[in-house]
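What the coordinates show
In case you want the letters, here they are:
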Amino acid sequence: MAIPIKPLTDFQIKNTKSKDKAYKLADGGGLYLYVTKLGAKSWRINYIKPITKKYATITLGLYPDITLA
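Read on for an overview of the structure. (Residues numbered from 1 in each chain as written. Predicted model: local features only at pLDDT ≥ 70, side-chain atom pairs only at ≥ 80, totals over all residues. Heavy atoms only, no water.)

Describing the sheet that holds strand S2 (residues 31–35)
- Pairing in this open sheet of four strands is antiparallel, and the strands run S1-S2-S3-S4 from one edge to the other. For this open sheet the edge positions go to strand S1 (23–28) and strand S4 (55–62), each flanked by a neighbour on one side alone. Averaged over all adjacent pairs, the angle separating strand axes in this sheet is 30°, with direction ignored.
- Alignment of S2 against strand S3 (residues 41–48), held across five bridges, turns out to be antiparallel. Of the residues in S3, the one forming a bridge with tyrosine 34 is serine 42. (Pairing = 2+ DSSP bridges. Helix = DSSP H or I, 4+ residues; strand = E, 2+ residues; numbered from the N terminus. Axes fitted to C-alpha atoms, helices over the stretch in contact; angles between N-to-C directions.)

Dropping the structure here:
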């Protein structure tokens, strides 16, 4: 059984700080906020390519240019 993920809030995203390593904040459905060690935040999504059946990642854009809404 999958673990339910609470969707991110704008307050959580604004208050994220950089760490020694890059990390991810999951939003559900493969979408996550990727925070680099320099503090840059970008939206990314994982998916499976239909023909090759391999995992791939697409970067949708930087936060706050692409908002949570």
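So, the pattern of salt bridges
- For the coordinates displayed, the defined rule picks out one salt bridge.
- Among the ionic pairs, lysine 14 bridges to aspartate 10, the shortest N-O distance being 3.2 Å. Linking lysine 14 with aspartate 10, this pair stays in helix H1 (residues 10–14), spanning four residues, or about one helical turn.
- According to the relative accessible area criterion, lysine 14 is exposed, its value standing at 53%.
- Given the relative accessible area of 34%, aspartate 10 is considered partly exposed. (Salt bridge = Lys/Arg side-chain N within 4 Å of Asp/Glu carboxyl O. Buried < 20%, exposed > 50% of the residue type's maximum accessible area, 1.4 Å probe, protein only.)

Examining a nonpolar patch on the surface
- Residues Tyr47, Ile58 and Leu60 make up a contiguous nonpolar surface patch of roughly 250 Å² in combined accessible area.
- With respect to the helices and strands, isoleucine 58 occurs in strand S4. (Patch = residues over 30% accessible without salt bridge, like charges linked within 9 Å, V, L, I, M, F, W, Y side chains within 5 Å. Areas by Shrake-Rupley, 256 points an atom, 1.4 Å probe, with all protein chains shown as cover.)

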